[in-house]
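Each chain is listed here by its residues.
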Amino acid sequence: MTSTPPPPPPPAPLGPAWGQPWAPAPAWMPAPQPPQAPGAGAALVLGIVALAGGFVLMLPLVVAPVAWYLGASAQRLAEREPERWRAGSARAGMILGIIGTAFLAVATLVAIVFSTLAWVAVATPSPY
């Protein structure tokens, strides 16, 4: 009596079937981070330019409100879709934009006060 050998085992699948999700990453492998929200990098760059340039020249402070707006809109987008976007740079750009906008407001008020005082000093006749 001759016995036939058992059939070979079926080959292991190379990946999930079409349309099936992949298995989750192992615990030792970190999960991939979602990309930054659109406008987050621009908000961060404009916030840095506004603050760093604002201490040297006052002109770069005018981009601080733009950094605030871009950071806030990118952060809202990241809060709306947290699985799709990350808000790290958006929050930093928004904070830098807020600080720069406050400096811009103070600088504008100081400029208005000094220009008003200079105008009054020039317009007032001298008793001498």
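Relevant structure appears above.
Not measured: the values here are computed from a predicted model.

What counts, and at which threshold
- Residues numbered from 1 in each chain as written.
- Predicted model: local features only at pLDDT ≥ 70, side-chain atom pairs only at ≥ 80, totals over all residues.
- Heavy atoms only, no water.
- Axes fitted to C-alpha atoms, helices over the stretch in contact; angles between N-to-C directions.
- Helix = DSSP H or I, 4+ residues; strand = E, 2+ residues; numbered from the N terminus.
- Parallel < 35°, antiparallel > 145°, perpendicular 65-115°, else oblique.
- Left-handed = near helix turned anticlockwise from the far one by under 90°.
- Contact = heavy atoms within 4.5 Å.
- Nonpolar A, V, L, I, M, F, W, Y, C, P; charged D, E, K, R; others polar.
- Core = buried A, V, L, I, M, F, W, Y, C linked by side-chain atoms within 4.5 Å.
- Buried < 20%, exposed > 50% of the residue type's maximum accessible area, 1.4 Å probe, protein only.
- Salt bridge = Lys/Arg side-chain N within 4 Å of Asp/Glu carboxyl O.

### Points about the packing of helix H2 (residues 64–80) against helix H3 (residues 88–123)
- Interhelical geometry of H2 versus H3 gives an angle of 150 degrees and a closest axis separation of 7 Å. When the axis of H2 is compared with that of H3, the two are roughly antiparallel. In this structure, H2 crosses over H3, and the sense of that crossing is left-handed. In contact with Ala64, Pro65, Ala67, Trp68, Gly71, Ala72, Ala74 and Gln75 of H2, H3 contributes Ala90, Arg91, Gly93, Met94, Gly97, Ile98, Gly100, Thr101 and Leu104.
- Looking at the contact of H2 with H3 residue by residue, the classes come out as ten nonpolar, six polar and one charged.

### Digging into the nonpolar core
- Within the largest apolar cluster, eight residues are counted, these being Ala37, Ala40, Ala74, Leu77, Ala78, Trp85, Ala87 and Ala90.
- No other element matches H2, which puts three residues into this core.
- With sequence-adjacent residues up to four places away left out, alanine 37 is seen in contact with Ala74, Ala78, Trp85 and Arg86.

### Some remarks on the packing of helix H1 (residues 40–56) against H2
- Close contact between H1 and H2 brings their axes to 8 Å; oriented N to C, the two are set at 155 degrees. Classed by the angle they form, the pair H1 and H2 counts as roughly antiparallel. In this structure, H1 crosses over H2, and the sense of that crossing is left-handed. Contacts between H1 and H2 involve Ala40, Ala42, Ala43, Leu46, Gly47 and Ala50 from the first element and Ala64, Val66, Ala67, Leu70, Gly71 and Ala74 from the second.
- Here the contact of H1 with H2 is composed, by residue class, of ten nonpolar, two polar and no charged.

### Here we look at the pattern of salt bridges
- All told, the structure shown has one salt bridge when counted by the stated rule.
- Of the charged contacts in the structure, one is a salt bridge between arginine 84 and glutamate 81, with a shortest N-O distance of 3.5 Å.
- For arginine 84, a relative accessible area of 44% gives the class partly exposed.

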